[in-house]
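Listed below, chain by chain, are the residues.
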Amino acid sequence: MRFLLLLAARSAWNRRLTLGMTLIAVALSVTLLLAVERVRLEARNSFAQSVSGTDLVVGARSSPVQLMLYAVFRIGEATNNIGWQSYRAIAGNPAVAWSIPLSLGDSHHGFPVLGTTAAYFEHFRYADSQALTLAAGKPFAELFDAVLGAEVAQRLGYRLGDSIVLNHGMGDVSLAEHADKPFKVVGILARTGTPVDRTVHVSLEAMEAIHLDWAGGAPLPGLSIPAEYVRKFDLTPKEITAVLVGLKSRAAVFKVQRQINNDTTEPLLAVLPGVALDQLWQVVGFAERTLLAVSAMVVAVGLAGLVAVVLASLGERRRELAILRSVGARPGEVFLLLSAEGLFITVLGALLGVALLALLTALLAPLAQAHFGLAFRARWVSADELRLLGAVVAVGLIASLAPGYRAYRLSLADGLTPRL
Amino acid sequence: MTEAVIEIEKLRFRWSAGDDFCLDIPSFAARAGERVFLYGPSGSGKSTLLGLLGGVLVPECGRLRLLGTELPRLQPSVRDRFRADHVGFLFQQFNLIPYLSVIDNVLLSCRFSGRRRARATAAGASLHAEARRLLKHLDLEESLHRREVTRLSVGQQQRVAAARALIGRPEIVIADEPTSALDAERQGAFLDLLARECAAAGSTLLFVSHDRRLAAGFDRELSLASISRTDVGQQAA
Ligand SMILES: Nc1ncnc2c1ncn2[C@@H]1O[C@H](COP(=O)(O)OP(=O)(O)OP(=O)(O)O)[C@@H](O)[C@H]1O
Ligand SMILES: [Mg+2]
């Protein structure tokens, strides 16, 4: 038995070029499969962790999924805003314990800028009801103070006291800058693994102030209000983008939701974040499952290639098998010899795939963090991934039985004299 | 008279049920240590007979006894072990496994048989030493032992294969035209070596060929047609 395995290994080594290529194919397909699984898991995690403790998310009437996308994930833009009056009404609702107004639309080097109030630092929760904490500095107090998410500070290398300029609108490169009204970094939040990390936080009043002399996405020609004068204006916002609402009692959630949705002064939409996240996950989940299916298919292609290569080698190995038979190898041992080869390559491919994934994770984690906010940590293979690997090896084993069986039949038919 | 190592009685074999019998042997026997030369034209069933003796093929009826063991009665896997333990095979060409070293090719016979292993080391030497000794006896000097088998000449390859058939002193050595790829001079030298080593190991040698000129030096020479009553053999002969 041990000798047979040694023999299989030697034989495989003898054909290392062809087998090496199939090994690479299997390894790459396993890497792809595991990577997709990991992205899937990480996406779902950061999804579920992105908001917690908020009973309702309120925005202008659109779809719940869209509302969640811009209000929580800061992806895309709101088609409509909600009036300040509506916000006051919601905040004043006797069932409401706290509310966080959110005003979006500007950006800083591609990171979204969020106008909000001190309530954000006090009431916002993520993951398992964790509050935001400051890694350095304090919340904004002055008009042009800014508090940075951990990722923003790290990526752009900002420290407390640095001066930053916001861009009008979203997008990486924007020509329109609010250069006349720079902000001072007064606080940097601790990392949360949520979209908060990618956000620049300023006060609602500041949002209003930098847009005083703007209209429709461009500075008003001939009108420029210097930063030192803006305090003379009424900086109460006229519109905001969304509101996060916490209730005194969760039992009231459907009642308050109905009240808001039936508001006649403005078309509003209130959603339960849990329900909306599930809906959103179903949309994303479909793509994610498709991706997993495709990568499973790639693994199948890799294994099919492996079987084809092993089968093809049988032609030139018939003589070898006849020799082994003549020195006393049983047909069953010939079967084992050939099956071991496929299994061997599959297992090796799976291990190599894991190693490759570890390497890729190490190399690409910063990129994934920066571009998608997905936090990949170097870690051991999870139980789920082990199950996937197990499935790959099992399929590889079953597939390897094919050349084994063919060799078995051949060696029975050939006996001691190989036919070519 | 020493006892019979190979005994065949009323043996019949055909490849498939509808065919004529490929072999029909009323009786044949070979004594221990005997060197038998069996000849017959191509297609007469020589290799088929060797397959039967190796226990890879099973006769339709009749008796086939090797060392007193009724071979067809054994389980297929037991027959395979029996072959490993008691029979050394030598074929026409490409007898070696390309990815194994010369020594490992020789030792292949010992891998599937504890008995051959035990007999090879009975003199106290290690397996490797025994393999080297045999190779040297077959005129393959040490410098060739480490060479890749694919880079040996055909004659050298055949001598390595002979060492594999002989190691562990099997009772029976069966050679199926091992010299057909060699020139006349080499053929003679190879046959001498083979005969000498079989005698040293005490093995019965059954040598099969279509070329009668090689028969010199054997104890007995017979045509397949003379022991088998098949039409094919007789017509061809
Ligand atoms: N696997 C097989 N299936 C069916 N018929 C076979 C098979 N092998 C051999 N035969 C037939 O059996 C007969 C004897 O073949 P065999 O190989 O024993 O001849 P041979 O005497 O060894 O010939 P050669 O000298 O050419 O090696 C031939 O007619 C051949 O066609
Ligand atoms: Mg033949």
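Calculation criteria
- Residues numbered from 1 in each chain as written.
- Chains lettered and ligands numbered in written order.
- Predicted model: local features only at pLDDT ≥ 70, side-chain atom pairs only at ≥ 80, totals over all residues.
- Heavy atoms only, no water.
- Pairing = 2+ DSSP bridges.
- Helix = DSSP H or I, 4+ residues; strand = E, 2+ residues; numbered from the N terminus.
- Contact = heavy atoms within 4.5 Å.
- Buried area = accessible area lost by both parts, 1.4 Å probe.
- Salt bridge = Lys/Arg side-chain N within 4 Å of Asp/Glu carboxyl O.
- Polar contact = N/O pair within 3.5 Å; in protein donor to acceptor, adjacent residues only side chain to side chain.
- Nonpolar A, V, L, I, M, F, W, Y, C, P; charged D, E, K, R; others polar.
- Near = heavy atom within 4 Å.

**Student:** Just to check I follow, could you spell out the pairing of strand 1 (residues 4-13) of chain B for this structure?
**Tutor:** Residue and element names in this part refer to chain B. Where strand 1 lies against strand 2 (residues 23-31), eight bridges are found, and the strand directions are antiparallel. Residue Glu9 lies in a different strand from strand 2, and its bridge partner there is Ser27. Bridge count between strand 1 and strand 4 (residues 61-66): five bridges; the pairing is antiparallel. Among the inter-strand pairings, Arg12 is bridged to a residue of strand 4, identified as Cys61.

**Student:** How should the interface of chain B and chain A be read in this particular structure?
**Tutor:** Interface size, as often reported, equals the accessible area lost upon joining of the parts. Counting from both sides, the interface comprises 26 residues of chain B and, opposite them, 22 residues of chain A. Summing the contributions of chain B and of chain A, the shared interface buries around 2,200 Å²; its carbon and sulfur component is 64%. Linking chain B to chain A there are three salt bridges. The partner of B:Arg81 in a salt bridge is A:Glu333, with the nearest N and O atoms 3.0 Å apart. Remark: the boundary between chain B and chain A carries seven residue pairs in polar contact (both at pLDDT 80 or more). When contributions to the side of chain B that touches chain A are tallied by element, the ones reaching two or more residues are helix 1 (46-53), helix 2 (76-86) and helix 3 (102-111) of chain B. A total of five residues in the side of chain B that touches chain A trace back to one element, the largest contributor, which is helix 2 of chain B. In terms of residue class, the side of chain B that touches chain A is built from 12 nonpolar, seven polar and seven charged.

**Student:** Help me out: how do you make sense of the site of ligand 1 in this one?
**Tutor:** Taken together, the neighbourhood of ligand 1 is formed by 12 residues, with B:Ser42, B:Gly43, B:Lys46, B:Ser47 and B:Thr48 sitting nearest. Neighbouring residues of ligand 1 are distributed over chains A and B. One nitrogen or oxygen atom from the main chain of B:Ser44 is found 3.3 Å from an oxygen atom belonging to ligand 1. Between B:Gly45 and ligand 1, the recorded distance is 3.0 Å, taken from a backbone N or O atom to an oxygen atom. Taken together, the residues of the shell around ligand 1 break down into three nonpolar, six polar and three charged.

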